[in-house]
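One letter stands for each residue in the lines below.
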Amino acid sequence: MNLKIVLILLALALATVLALICVLLTRGEKPTNCKSQPLRSQKEKPRGFSLVFADLTPEEMVQVVKYLQENLGVPLVDASQANPSDNCIYYIDVQLPAKAEVLQFLDQGGGHPPRQALAVVYFGNQPDPNITEYVVGPLPIPTTHRDVTLEKYGEKLPYYRRPVLAVEYKQIAGLLRETVFPMAPTFMSQTFNYDRTNLAVMTSAPRGFQSTDRNTWFVLFQNVSGFFLHPVGLEVLVDHSSLDLSQWRVSKVFYNGQYYGDMAQLENEFKQGHVTVDKIQQAPLDGGFSSMRPRAAPAAPFPLQYEPHGPRYHIENNEVIYQAWSFAFGMSVNTGMRLFDIRFKGERIVYEISVQEAMSIYGSNCPGGMTIRYMDGSFGIGRFSFPLVQGVDCPYSATYLDVPYLVQSQTPSINKNSLCVFELNSKSPLRRHYSNLQSMYYGGLTNSALVIRSIATVGNYDYVWDFLFYQNGAIEAKVQATGYMSSSFLYGDGLEYGHRVGEHTLGTLHTHSMNYKVDLDVGGMCLG
Ligand SMILES: *[C@@H]1O[C@H](CO)[C@@H](O)[C@H](O)[C@H]1NC(C)=O
Ligand SMILES: *[C@@H]1O[C@H](CO)[C@@H](O)[C@H](O)[C@H]1NC(C)=O
Ligand SMILES: [Cu+2]
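Residues numbered from 1 in each chain as written. Chains lettered and ligands numbered in written order. Predicted model: local features only at pLDDT ≥ 70, side-chain atom pairs only at ≥ 80, totals over all residues. Heavy atoms only, no water.

Looking up the protein in an unreviewed UniProt entry gives the name Amine oxidase, with the organism given as Alligator sinensis.

See below:
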């Protein structure tokens, strides 16, 4: 019981903090394959150098799409409308040059590495469908492409491994609405007052237990605001492995603790009175308890942060310069925020620090909930980093930046204001002493840090990703989870798997883990 409470506290905990303290002063013995910082002062970095780490611009994305359309020699369908048996562009992102090449350029006066894009293409329209990754370049006007799939993964990428497109979810929802649910008309109408629009469907992952599977449990919820907390007890296992939509099948049905072969069987048993129905009350459209509406108006406006002389940092292209700090930033479509060439007092101490993955593992006595092992990078942490609201998501006075991306489309989109940068007064002194022995004096320093933030909403969760830069040379990587928890229908021994958060809602036990890549170059660089 105690363990359970600890686990759920962990699970609901709003903050997971990973602190990285960079010890700048110790420059002891170096491992043998590390070399010192080059003699040329890194302070003299070429102007605009940070662009070597820059995300693709919308214009560059347009050129890459055009190049692929004209040079792959096969028709490409827009991924927002593609069938599994079509070819389409899954996403395009920048292909960053290798570290050694970048350092040649930054530190040794070497040439600018060629600017390239990575294009991930689904080839569904061929006898042996596959996923292929191309490096396309040089930008701005590409002239070549190179298939890097084998060198990157060591094997071909079989087609069944492709992440599900938005259009595929739509096609599955259509199958449920048009074909599957109509097989149990009495059950659906008497249990849920089903009218084709009052149930929402949520995916789970992974999609099976063995290679080649593409079987996904879809969980049904009342279609209200915050639906994640309104499960109705119905879940269906959809086999969507075929490239022919007409072959997609529901291979199992779950309702209120019982499994059925299909909806027709559920209908049959229901009519014979063999199905125990746990009828749930219709939630209000705003979700009632799941509504995001504030429960009370604030008594007065919240305090605001004030910068008497304006910001003490500045942003040039994709570079932030703040007191002793400077760094380049970008946003990967899949993995989210990434920072490069972090310098303190002109000296590079970190080559890269980047978000890589956010995983969550669930337990439940319902099939959807019990299978969930989400790896949010597979849905896309960067592309789901949406606009930030001034004064709520970041301080009112923060700087807000737009992030372009191209995913499941042939045209770029922009997540407006989806990165913010601000300096935060930490509201406690960095150091202070109030001397009252021997001599009387006071010495204190204000503590503040620069923050760069993005917030990814992946399904039910919102992850607030921060990197903080302190005056003392410390860097902190921090993530807070908010949004909605994922839930299961509460029945039977459900309380063994979580806590009751609504009349029929089980907040399921789970754990989160966040992964970062950190390439520290303190006091020199290690190769390999
Ligand atoms: C995948 O399909 C592409 C496009 O037809 C083809 O060029 C490539 O060789 C295939 N990859 C493998 C490993 O078969
Ligand atoms: C949920 O309801 C909204 C209207 O409130 C509707 O636009 C939407 O299509 C519904 N979703 C489903 C899956 O039926
Ligand atoms: Cu959680």
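Across its full length, the protein carries eight helices and 30 strands. A globule of 528 residues ought to have a C-alpha radius of gyration of about 24 Å, and the protein, at 26 Å, matches this closely. Expressed along its principal axes, the backbone C-alpha trace of the protein runs to roughly 85 × 70 × 45 Å. Taking all contacts inside the protein whose residues are at least 6 apart in sequence as the whole, residues at least 24 apart take part in 61%. Carbon and sulfur atoms make up 56% of the accessible area of the protein, which totals about 25400 Å². Treating the 42 positive side-chain charges of the protein as one cloud and the 47 negative ones as another, the clouds have centres 6 Å apart. (Helix = DSSP H or I, 4+ residues; strand = E, 2+ residues; numbered from the N terminus. Rg over C-alpha atoms; globule rule 2.2 N^0.38 Å. Contact = heavy atoms within 4.5 Å. Areas by Shrake-Rupley, 256 points an atom, 1.4 Å probe, with all protein chains shown as cover. Lys, Arg positive; Asp, Glu negative; His and termini not counted. Charge placed at Lys NZ, Arg CZ, Asp CG, Glu CD.)

With that out of the way, let us pick up the environment of Asn 268. By the secondary structure assignment, Asn 268 is in helix 7 (residues 263-271). On the basis of relative accessible area, Asn 268 is assigned to the partly exposed category, the value being 44%. Counting along the chain gives 103 residues from Asn 268 to Thr 371, while the straight-line C-alpha distance between them is 28 Å. (Buried < 20%, exposed > 50% of the residue type's maximum accessible area, 1.4 Å probe, protein only.)

Before going further, it helps to examine the site of ligand 2. Around ligand 2 lies a shell formed by Arg 196, Thr 197, Leu 199 and Asn 223. Here an oxygen atom of ligand 2 and a backbone polar atom of Thr 197 are 3.1 Å apart. Contacts to ligand 2 include Asn 223, whose side-chain N or O atom sits 2.3 Å from an oxygen atom. Computed on the free molecule, ligand 2 has an accessible area of 360 Å², of which 39% lies beneath the protein chains in the complex. (Near = heavy atom within 4 Å. Polar contact = N/O pair within 3.5 Å; in protein donor to acceptor, adjacent residues only side chain to side chain.)

Glancing now at the state of the cysteines. For the structure on display, the rule yields one disulfide. Note that Cys 394 is cross-linked by a disulfide to Cys 420, the S-S spacing being 2.1 Å. Between Cys 394 and Cys 420 the disulfide shows an S-S torsion of about -85°. By sign, it is left-handed. Here Cys 394 is found in the loop between strand 18 (373-375) and strand 19 (399-407), whereas its partner Cys 420 is found in strand 20 (residues 413-425), with 26 residues between them in sequence. The two residues Cys 394 and Cys 420 agree in class, both being buried. (Disulfide = S-S within 2.5 Å.)

Attention shifts here to the site of ligand 1. The full set of residues close to ligand 1 is Phe 123, Gln 126, Asn 130, Thr 132 and Lys 156. Between Gln 126 and ligand 1, the recorded distance is 2.6 Å, taken from a side-chain N or O atom to an oxygen atom. A distance of 2.5 Å is found between an oxygen atom of ligand 1 and a side-chain nitrogen or oxygen belonging to Asn 130. When ligand 1 is considered free in solution it has 360 Å² of accessible area, and contact with the protein chains removes 57% of it. Split into classes, the residues belonging to the shell around ligand 1 amount to one nonpolar, three polar and one charged. (Nonpolar A, V, L, I, M, F, W, Y, C, P; charged D, E, K, R; others polar.)

With that out of the way, let us pick up the nonpolar core. In this structure, Ile 452, Trp 465, Phe 467 and Phe 469 are the most contacted members of the largest nonpolar core, which totals 50 residues. By residue number, the principal contributor to this core is strand 17 (residues 347-362), which donates six residues. Per-domain counts for this core show at least three residues from each of domain 2 (166-280) and domain 3 (313-526). The next biggest cluster of nonpolar side chains, apart from the first, holds 33 residues, and it includes Leu 220, Trp 248, Val 275 and Cys 366. (Core = buried A, V, L, I, M, F, W, Y, C linked by side-chain atoms within 4.5 Å. Domains from an automatic or database assignment.)

Our next topic: the layout of surface pockets. In this model, the second largest pocket occupies a volume close to 920 Å³. Forming the boundary of the second largest pocket are 32 residues, of which Gln 305, Cys 394, Pro 395, Phe 422 and Leu 424 lie nearest the centre. Broken down by secondary-structure element, the contributors of at least two residues to the lining of the second largest pocket are strand 20, strand 23 (448-458) and strand 25 (475-483). Considering every element that reaches the lining of the second largest pocket, the biggest residue donor is strand 20, with four residues. Its residues placed into classes, the lining of the second largest pocket shows 15 nonpolar, eleven polar and six charged. (1 Å grid on protein atoms, 1.4 Å probe; cavity = no way out; pocket = protein on both sides within 12 Å on 5 of 7 lines; lining within 4 Å. Points joined across faces, edges and corners; volume = space filled by probe spheres on them.)

Together, Tyr 434, Met 440 and Tyr 442 line one region of the surface with nonpolar side chains, adding up to about 390 Å² of accessible area. Mapped onto the fold, Tyr 434 is located in strand 21 (residues 431-435). Overall, the relative accessible area of 48% leaves Tyr 434 in the partly exposed class. (Patch = residues over 30% accessible without salt bridge, like charges linked within 9 Å, V, L, I, M, F, W, Y side chains within 5 Å. Salt bridge = Lys/Arg side-chain N within 4 Å of Asp/Glu carboxyl O.)

Mapped onto this structure's residue numbering, the UniProt feature "domain: Copper amine oxidase N3-terminal" (unreviewed entry) falls at residues 162-257. Strand forms 29% of residues 162-257 and helix 24%; the C-alpha atoms that close the span are 31 Å apart. (UniProt positions renumbered as here; feature names shortened; annotations may be inferred.)

Moving on, we get to the sheet that holds strand 27 (residues 498-502). Strand order across the open sheet formed by three strands is 26-28-27, with antiparallel pairing between neighbours. Each having just a single partner strand, strand 26 (487-489) and strand 27 make up the two edges of the open sheet. Direction aside, neighbouring strands of the sheet carry axes that sit 40° apart on average. Sheet topology places strand 27 next to strand 28 (residues 505-508); four bridges connect them, and they run antiparallel. Along strand 28, the bridge assignment pairs Gly 498 with Thr 508. (Pairing = 2+ DSSP bridges. Axes fitted to C-alpha atoms, helices over the stretch in contact; angles between N-to-C directions.)

Applying the stated rule across the entire model yields four cavities of 30 Å³ or more. Estimated volume of the largest cavity: approximately 90 Å³. What lines the largest cavity is a set of 13 residues, among which Met 202, Phe 221, Ile 372, Ser 486 and Ser 487 lie closest to the centre. Residue assignment for the lining of the largest cavity shows that the elements contributing at least two residues are strand 9 (215-222), helix 8 (367-371) and strand 26. Looking at the lining of the largest cavity residue by residue, the class counts come to six nonpolar, seven polar and no charged. Composition of the lining of the largest cavity by domain shows at least three residues from each of domain 2 (166-280) and domain 3 (313-526).

Turning next to the UniProt feature "active site" (unreviewed entry) in the protein. As recorded in UniProt, the feature "active site" (unreviewed entry) lies at Asp 376 and Tyr 461. Taken together, the annotated residues stretch across 86 residues yet fold into one region, lying no more than 9.9 Å apart by C-alpha. Relative to the helices and strands, Asp 376 resides in the loop between strand 18 and strand 19. Take Asp 376: its relative accessible area is 3%, and that puts it in the buried class. Excluding residues that lie within four positions of it along the chain, Asp 376 makes contacts with Glu 357, Ala 358, Ile 381, Val 458 and Tyr 463. Tracing the backbone through its elements, the reader meets Tyr 461 in strand 24 (residues 461-470).

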